[in-house]
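If you want the building blocks of each chain, they are given just below.
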Amino acid sequence: MFHFKTNRQSRLASLLSPSSQQTTGALAVAAMTIGGSYMLHQLMKKYGFNGTMQLIWTGDHLDPDLRDVVDTLDDMEETELRTLDFRLTQVEVFIERTKCKGGSADGAHLLDLQTFLRTKTELGALSHDLDKLAFQVDSISTQGNPEAKDKKKRLSTRLVKMMATTDALMKECGVTM
């Protein structure tokens, strides 16, 4: 009735039964496999097969040519558009201040004729620079990439709004081009 194990049998049994370390290791491998599979699935969903492979091998999901396009759009937004936005804001502030002091935007009662002429010149130059930047943005080919298209559309939309504001200020100040 009683069964006694020999030393050899008990060593063999301890090797075959999972210990807590083996169980922990197996769970860790399973969790990493599931997590890695999920991440790969999400990357495939977002970038497609080619983009995912590009990301794994080069660290960037975009081809080098397309990366140059996206970087160019980012640079335009961060430098040129920011500068033009600052210039436009300065002109708007000047015109609003003039109105608050009892003047008008058409120059009839402006405090300083020279400042008014500079404002008209700045509006003309600003309109020209906005048109030039809009042409540069429009000439960029996004190669059908959704990320580049979104950046280009966002930049174009901001430019159109700024151009509309500039045109309204030019009309208000009596500037014709």
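Up top you'll find the structure we're talking about.
Everything numeric here is computed off the predicted structure, so don't read it as measured data. (Residues numbered from 1 in each chain as written. Predicted model: local features only at pLDDT ≥ 70, side-chain atom pairs only at ≥ 80, totals over all residues. Heavy atoms only, no water.)

Chemist: What is the right way to look at the overall build of the protein chain in this model?
Modeler: The number of helices and strands found in the protein chain is 5 helices and 0 strands. Of the regular secondary structure in the protein chain, the N- to C-terminal order runs α-α-α-α-α. Counting the 177 residues in the protein chain, one finds 28% classified as buried. Sequence separation of at least 24 residues holds for 68% of the intrachain contacts in the protein chain that already meet a minimum separation of 6. Looking at the protein chain as shown, the accessible area adds up to about 12600 Å², and 59% of this sits on carbon and sulfur atoms. (Helix = DSSP H or I, 4+ residues; strand = E, 2+ residues; numbered from the N terminus. Buried < 20%, exposed > 50% of the residue type's maximum accessible area, 1.4 Å probe, protein only. Contact = heavy atoms within 4.5 Å. Areas by Shrake-Rupley, 256 points an atom, 1.4 Å probe, with all protein chains shown as cover.)

Chemist: Explain the nonpolar core to me, please; I cannot follow it from the model alone.
Modeler: Where a protein is soluble and globular, its nonpolar side chains tend to be buried together. Core analysis: the biggest nonpolar cluster contains 25 residues, and Leu 123 and Leu 159 have the highest contact counts within it. For this core, the secondary structure elements donating two or more residues are helix H3 (64-100), helix H4 (113-138) and helix H5 (146-173). Here the element with the most residues in this core is H3; it accounts for 10 residues. Once residues within four sequence positions are removed from consideration, Leu 123 is found in contact with Val 91, Thr 166, Leu 169, Met 170, Cys 173 and Val 175. (Core = buried A, V, L, I, M, F, W, Y, C linked by side-chain atoms within 4.5 Å.)

Chemist: Even after reading the chapter, I still don't get unusual backbone geometry, so can you show me in this structure?
Modeler: Outside of glycine, negative phi angles account for most residues, and trans bonds account for most peptide bonds. With a phi close to 55°, Gln 143 is a non-glycine residue in the positive phi region. Note that Gln 143 resides in the loop between H4 and H5.

Chemist: Honestly, H3 in this entry has me stumped. Any pointers?
Modeler: An ideal rise of 1.5 Å per residue puts 54 Å on 37 residues; H3 measures up with 52 Å between its terminal C-alpha atoms. Along H3, the largest kink reaches about 35° and is centred on Leu 81. (Expected span 1.5 Å × (residues − 1). Bend = angle between axes of the 7 residues up to and from the residue.)

Chemist: Help me out: how do you make sense of the side chain of Thr 142 in this one?
Modeler: Tracing the chain through its elements places Thr 142 in the loop between H4 and H5. Residue contacts for Thr 142: discarding those within four places in its chain leaves Leu 66, Val 69, Ala 148, Lys 149 and Lys 152.

Nothing here speaks to function; it is all geometry.
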